[in-house]
Amino acid sequence: MSLSLPFCAVRVLNRDSQILSPALGSPPSPFATEIPDFLLALAAGGHMPLWKRKSLWLVLSASWFLLILLGVFPFRLEVPPGPLPGSSQSWPRWLDAAFLQSFSQSETLPEDAPQLPQASRGSSCTWGACFDTSKCKGNVLNIFVHLPAGPTTEAHRRIRDFLEGSRYYALSPAEACLHLFLPSQDHRGACGPLPPYWNGGRNHLVLSLYPAPCTRLGQAMVAEASPSLDIFRPGFDVALPYLPAAHPLQGGAPGQLQQHSPQPGATFLAVAEERGRWRTISTRASACPWGRHCEQDPGPHQTHPGETLLKATFCLIPGHRSAASCFLQALQAGCIPVLLSPRWELPFSEVIDWTKAAIIADERLPLQVLAALREMPPSRILSLRQQTQFLWTAYFSSVEKVIHTTLEIIQDRMRGASAHPSLMWNSPPGALLALPTFSTSLKDFPFYHVQQGSLPESSFSALIWVGVSGEPLLKLIQAVAGSRHCAQILILWSSEKPPPDRWPETVVPLTVIEGHRKASDRFFPYSDISTNAILSLDARSDLSTSEVDFAFVVWQSFPERMVGFLTWNHFWDEARGGWGYSTEMSNEFSMVLTTAAFYHRYYHTLFTHSLPKTLRTMADDTPTCVDVLMNFLVATVTKLPPIKVPYGRQQHQEAAPLVRGLQELVLTRKAQAAEGPGPGPEPQPLAQDCINRVAAGFGHMPLVSSRVRLDPVLFKDPVSVQRKKYRSLEKP
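Presented here is an overview of the structure given in this document. Computed from a prediction, not measured in an experiment: that's the story for all the values here.

Quick notes on the rules
Residue positions are given per chain, counting from 1 as you read along its sequence in written order. Totals for whole chains, interfaces and linings use every residue, but because this is a predicted model, local features are given only for residues with pLDDT of at least 70 and side-chain atom pairs only at 80 or more, for both listing and counting. Side-chain metrics rest on all non-hydrogen atoms present in the structure, leaving aside hydrogens and water. Strands are runs of DSSP state E lasting at least 2 residues, helices are runs of H or I lasting at least 4, and numbering of each runs from the N terminus. Nitrogen and oxygen atoms within 3.5 Å of one another constitute a polar contact, given that in protein one can donate a hydrogen and the other can accept it, and given that sequence-neighbouring residues count only through two side-chain atoms. Lines fitted to the C-alpha atoms define the axes, with helices restricted to the stretch that makes contact. Angles between their N-to-C directions range from 0 to 180 degrees. Contacts: residue pairs with any heavy atoms within 4.5 Å of one another. Gly is placed with the polar residues, together with every amino acid not listed as nonpolar (Ala, Val, Leu, Ile, Met, Phe, Trp, Tyr, Cys and Pro) or charged (Asp, Glu, Lys and Arg). Within this scheme, the nonpolar core is defined by two criteria: the residues are buried Ala, Val, Leu, Ile, Met, Phe, Trp, Tyr or Cys, and they are joined through side-chain atoms within 4.5 Å. To sort residues, take the accessible area from a 1.4 Å probe on protein chains only and compare it with the maximum for the residue type: under 20% means buried, over 50% means exposed, and anything in between is partly exposed. Expected span of a helix, by definition, is 1.5 Å for each gap between consecutive residues, and there is one gap fewer than residues. Think of it this way: DSSP has to see at least two bridges between two strands before they count as a pair. What makes a salt bridge here is a side-chain nitrogen of Lys or Arg within 4 Å of a carboxyl oxygen of Asp or Glu, nothing more.

Another aspect to go through is the environment of Lys644. Inspection of the secondary structure assignment puts Lys644 in strand 20 (residues 643–644). Lys644 sits 79 residues away from Phe565 along the chain, and the two C-alpha atoms are 5.7 Å apart. A distance of 2.7 Å separates the side chain of Lys644 from the backbone oxygen of Phe565, its partner in a polar contact.

This is the structure in structure tokens:
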């Protein structure tokens, strides 16, 4: 019969009291003890009747079990202190953020880290427990803004103005499913009163762009700058960046990185110090540049951040919360942030994959950190620097973008499975410019064909806009329908004249859509459009089938950009102190006219649902601004210029603006006739000034100039015409 002793920490000793070598080579346990002779005889199977041995085993087992319960002998499993003999032991991969999380989030915080109370924050709150999504009809986020009592700051007023013009705004508290509260303090430092409809903070968002003590309020979500790890509630709160006091409210400055690959002899490290200053470290520095773990490297004298960071490759940022203000400085400069055991939550960490733009390192391994930075391959440095510039431009360059990102994160929580995928958040153009309401499939967007390994569609829809004069369309319809890529023709009828009863027969479907006689109707996301590619045309457009075919082939290679025939160019007017644009033919352009241009139908959704209402209203009042506004929108998304293709009737380049001006004059006179006699504004100065009004609405100038035109390979080459694919392009 096989019998076993109860499992406990006991080692067997021989009669000479010598320890038998354990299997794992562990030292003797303090609980090891000698076993009496009769137990050894029992274990050895000595001369004892069988019934006595059974009885003795039962008594001993019961006795041991009773002693363990009484705590006389502790019951524990001894774990060997070292690895198994012969097993390989590799050095921890400290660049792996997932592995380093246990090191960086140390249990004991340094003395300079603020110890904020956790109980008042409502630590048990989660998204499902403290937010009622049933109040958001159709999972659409509607927000009402509660300004703090008493005098309001300029930043608070700008936040309210931004939200009032956005798609999130609710006119009354009853229509809102989220109440945005901007906390305040009086001169004594006491927190201001709570807003009405407080309800314990449920369905409220307390927004504080700067660290403040008046944010931890009941069941409300908290969006604050650089929250400490011990009070941040993942999936419920939102971590904001630590913004400087002079951070732009709108638009914002672009990234400062001039060259993504570091130049030879460039500064290797910049170490963040107090008061936002930085200290540079040479490439061959042998001492650790921070802490007291090794000899301190004196380094050169302190310099201004703008002078240091533009040249540094890596920026070492300490882990204490007060150093969080240096994070955005490094991000804008394209200096790769190296976060040393950060004890604050990284901004928008719920959606941003910071491993693609920053390095999280253990501050207790200074020499290993420096060695790994020196050995980092140039391709990895290039990737990290490019990502810093994208994240800065997409989410952090202005206060409006920070607030917009915060609200979009909350909106994504409501969408569930239809929320932005991680690829949209972490690749251009960013989640703020990629609306998931357009489609749940990435291949339907114009930005992700390379990542998805897909190709754009091989057909397009022609959208012909008929304005006030109702010109005949027979020639244009025949030219477009003759293209082998055309899938359908849609006539957007915005003329006061009724459309004709009969239309010419075509090999593709022809549909008539009744417009509302507004310029913005041209960019409405009509459900009748069945393809991703749109050829936007005006009734006065004059194109050949070859021109249409070649322009579409070019667009297939650049589906995120506009491809057009007629161009304008913007410039800075020193005399007027503002922007202007030229309609004359020149060697440079930055806009293409939408009277004849290819673009992706996603821009219709973005134009209608993303642009502020004030800009769309301005386009309706000044139809010439529609072209400017659409080019601004596409340039904001792509950060690239449009593409120009050859056009056989370039003389119409001069005539198109004049026709537009006459059309605007007709609309102006109609408005005057409805309002009564009296002098009215001149249309052309108003049209020229629209570029400044659009630039003010965007907060910056996104247009990019180009001097390139794409032609067929044998375009106007001295070869046989039979060898040329697009022969009619060269006809006068």
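This brings us to the packing of helix 16 (residues 613–621) against helix 17 (residues 625–638). At their nearest, the axes of helix 16 and helix 17 sit 8 Å apart, and the two run at 145° to each other. In this structure, helix 16 uses Leu615, Met618 and Ala619 to contact helix 17, whose residues at the interface are Cys625, Val626 and Leu629. Here the residues of the contact of helix 16 with helix 17 sort into six nonpolar, no polar and no charged.

For the rest of this paragraph, the subject is the nonpolar core. In this structure, Phe460, Val480, Ile489, Phe598, Val628 and Phe632 are the most contacted members of the largest nonpolar core, which totals 88 residues. Broken down by element, the residue count for this core peaks at ten residues, all from helix 17. In this view, Phe632 contacts Ile691, Val694, Ala695, Phe698, His700, Met701, Pro702 and Leu703; residues no more than four positions away in its chain are not counted. In terms of nonpolar packing, the next biggest core, distinct from the first, is built from 66 residues, Phe162, Val238, Leu309 and Ala323 among them.

On to helix 17, then. Its 14 residues give helix 17 an end-to-end C-alpha distance of 20 Å, which sits within 8% of 20 Å, the value for a rise of 1.5 Å per residue. For helix 17, the tally of buried residues reaches 14 of 14 residues, placing the bulk of the element in the interior. Just past helix 17, the residue Lys639 takes up positive phi, approximately 60°.

Our next topic: the sheet that holds strand 16 (residues 567–573). By way of backbone hydrogen bonds, the strands of a sheet pair with one another, either parallel or antiparallel. What the three strands build is an open sheet, ordered 17-16-18; its pairing is antiparallel. Whereas interior strands pair on both sides, the edge strands pair on one side only; in this sheet they are strand 17 (578–582) and strand 18 (591–592). Sheet topology places strand 16 next to strand 17; five bridges connect them, and they run antiparallel. If you follow Asp573 over to strand 17, its bridge partner there is Gly578.

As a further point, take the pattern of salt bridges. The final tally for this structure, using the stated rule, is 14 salt bridges. In this structure, the salt-bridge partner of Asp711 is Arg709, at a minimum N-O distance of 2.9 Å. Looking at Asp711, the relative accessible area reads 31%, which means it is partly exposed. A single salt-bridge network, built from bridges that share partners, covers Arg167, Glu408, Asp412 and Arg415.

Neither face of strand 8 (residues 314–317) is exposed, since Phe314 and Leu316 on one face and Cys315 and Ile317 on the opposite face are all buried. Across three bridges, the pairing between strand 6 (residues 269–272) and strand 8 is parallel. In the sheet register, Leu269 faces strand 8, and the bridge partner there is Phe314. Across four bridges, the pairing between strand 8 and strand 9 (residues 336–340) is parallel. Looking across to strand 9, one finds that Leu316 is bridged to Val338.

Here we take up the sheet that holds strand 7 (residues 278–281). Pairing is mixed across the open sheet formed by five strands, whose spatial order is 7-6-8-9-10. Edge strands, defined here as strands with exactly one partner in the open sheet, are strand 7 and strand 10 (359–361). With strand direction ignored, the average angle separating the axes of adjacent strands in the sheet is 25°.

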